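Read off the chains here:
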Amino acid sequence: MTEKLFTPFTAGEIAAENRLVMAPLTRNRADNETGEVSDMHVDYYRQRAGAGIIITEATQISPEGKGYFQTPGIHSEGQVAAWRKVTDAVHAEGGRIVIQLWHVGRISHTSLQPDGGKPVAPSAIGAGVKTFTANGFEDTSEPRALELDEMPRLVADYAHAAEMAKKAGFDGVEVHGANGYLLDQFLKTGSNKRDDAYGGSVENRARLLFEVLDAVTEVWGGERVGLRLSPFSPANGIEDANPQETFEYVVKGLNRYNLSYLHLVEGATGGSRELDEGESIAALRALFDGPYMANNGYDREMAIKAVAEDKADLIAVGRPFIANPDLPRRWQMNGALNEGDTDTYYGGGREGFTDYPTLEQAEA
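Residues numbered from 1 in each chain as written. Predicted model: local features only at pLDDT ≥ 70, side-chain atom pairs only at ≥ 80, totals over all residues. Heavy atoms only, no water.

Per an unreviewed UniProt entry, the chain carries the name Alkene reductase and comes from Sulfitobacter faviae.

**Let's talk about the overall build of the chain**
Looking only at helices and strands, the chain has 12 helices and 14 strands in total. Principal-axis analysis of the C-alpha atoms gives the chain an extent of 60 × 45 × 35 Å. Counting across all 364 residues of the chain, residues that qualify as buried make up 58%. The long-range share in the chain, meaning contacts at least 24 apart out of those at least 6 apart in sequence, stands at 73%. Of the accessible surface of the chain, which amounts to about 14100 Å², a share of 46% is contributed by carbon and sulfur atoms. Here the chain contributes 35 positively and 55 negatively charged side chains, and the mean placements of these two sets differ by 2 Å. (Helix = DSSP H or I, 4+ residues; strand = E, 2+ residues; numbered from the N terminus. Buried < 20%, exposed > 50% of the residue type's maximum accessible area, 1.4 Å probe, protein only. Contact = heavy atoms within 4.5 Å. Areas by Shrake-Rupley, 256 points an atom, 1.4 Å probe, with all protein chains shown as cover. Lys, Arg positive; Asp, Glu negative; His and termini not counted. Charge placed at Lys NZ, Arg CZ, Asp CG, Glu CD.)

**Here we look at the UniProt feature "domain: NADH:flavin oxidoreductase/NADH oxidase N-terminal" (unreviewed entry) in the chain**
Here the UniProt-annotated "domain: NADH:flavin oxidoreductase/NADH oxidase N-terminal" (unreviewed entry) positions come out as residues 4–334. The distance from the first to the last C-alpha atom of residues 4–334 is 15 Å, and the span holds 32% helix and 18% strand. (UniProt positions renumbered as here; feature names shortened; annotations may be inferred.)

**Some remarks on the packing of helix α3 (residues 151–167) against helix α6 (residues 207–220)**
Look at α3 against α6: their axes get within 9 Å of each other, and the N-to-C directions meet at 30°. In this view, α3 runs roughly parallel relative to α6, as classed from their interaxial angle. Every pair of crossing elements has a handedness; the one defined by α3 and α6 is right-handed. The residues of α6 that touch α3, namely those facing Met151, Leu154, Val155, Tyr158, Ala159, Ala162, Glu163, Ala165 and Lys166, are Leu208, Glu211, Val212, Ala215, Val216, Val219 and Trp220. (Axes fitted to C-alpha atoms, helices over the stretch in contact; angles between N-to-C directions. Parallel < 35°, antiparallel > 145°, perpendicular 65-115°, else oblique. Left-handed = near helix turned anticlockwise from the far one by under 90°.)

**A word on the pairing of strand β11 (residues 225–229)**
Counting buried positions over the 5 residues of β11 gives 5, a clear majority of the element. The two faces of β11 match: Val225, Leu227 and Leu229 on one face and Gly226 and Arg228 on the other face are all buried. With 4 bridges joining them, β11 and strand β12 (residues 261–265) adopt parallel strand pairing. The residue of β12 that forms the bridge with Gly226 is Tyr261. (Pairing = 2+ DSSP bridges.)

**As for the nonpolar core**
Ile74, Leu208, Val216, Leu229 and Ile315 are the most contacted members of the largest nonpolar core, which totals 87 residues. Once residues within four sequence positions are removed from consideration, Leu229 is found in contact with Gly177, Ala178, Leu187, Leu209, Phe247, Val250, Leu254, Leu262, His263, Leu264 and Val265. Within the second largest apolar cluster, 13 residues are counted, among which are Ile55, Tyr261, Leu314 and Ala316. (Core = buried A, V, L, I, M, F, W, Y, C linked by side-chain atoms within 4.5 Å.)

**What to know about the packing of helix α1 (residues 39–47) against helix α2 (residues 77–92)**
The geometry of α1 relative to α2 is characterised by a closest axis approach of 9 Å and an angle of 25° between their N-to-C directions. Looking at the two axes, α1 sits roughly parallel to α2. Where α1 crosses over α2, the handedness of that crossing is right-handed. Where α1 abuts α2, its residues Asp39, His41, Val42, Tyr45 and Arg46 lie against Trp83, Lys85, Val86, Ala89 and Val90. Within the contact of α1 with α2, the residues separate by chemical class into 6 nonpolar, 1 polar and 3 charged. (Nonpolar A, V, L, I, M, F, W, Y, C, P; charged D, E, K, R; others polar.)

Pasting the structure below:
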């Protein structure tokens, strides 16, 4: 009997061969000046085309959206041409690939910003965390609060990136609203102290997210747009006074978009799945009418069980895909897994990026 995890599923208009999704993984190997991916990335993503859907590493929508050294963009013609080689390679292997649209907001450093400017944020409150620069890990820079008249430009940047993603041949896009980056900063009370139309009430704090979804679904149609949220994660110094209330409002509001999927980080990003009293992923999922993608620390048994019990339609897995390009095949056969080399996760060349063996290669 084939476990349900390994059977086809259609998320909106994205037809996946299986329900195991390659989660977005920042690897810091793009050209730092141009933001373009390389032939290395073509091989890396091609090798992993057996995933039901690949979600690319987070990719900035504009020069201002950049927060880490050597991360890719999707706002210039050169970036489009470079990504086109990746999408062509994945499609040649029968895979599906969406690009994650990213603006880091305050999780940046002046050395990464255009003309050395301050990073932007809902409010001028530092994150108190570190980011990855040319000098290694450095404290994030003090941000400036976005002006009210900048908001249309910001939304237009998302729309432009969505258009460029379409030109680059992707099967869809995922809006990154999680992990303490810009859209999450607007949603949560700890980072958003505005007193205008984008701050205060949950309706105001969610305004930017919905404006971005309006713009991106205008380009793609909702059926090819996913959204990633991390309601209860403290990642990147983020917090909210009442996350259950905040995200119940947000999730209810998503149903009008007919999204391809809702992708939730269940618990603390890359950490504990435990939630505080009154916090419930199941309650949020119950409010969403479309396909649900679960994420955070899933191993083979957890993933098979969650899909079999209809706790999730899709399971997004990150780190195991780094060391196991053929992860769906290995999990289906219950084969041995390669161990990842954490020293090569961020930055470097092909070592620890494209040189992990498949199951057949390892056995040979």
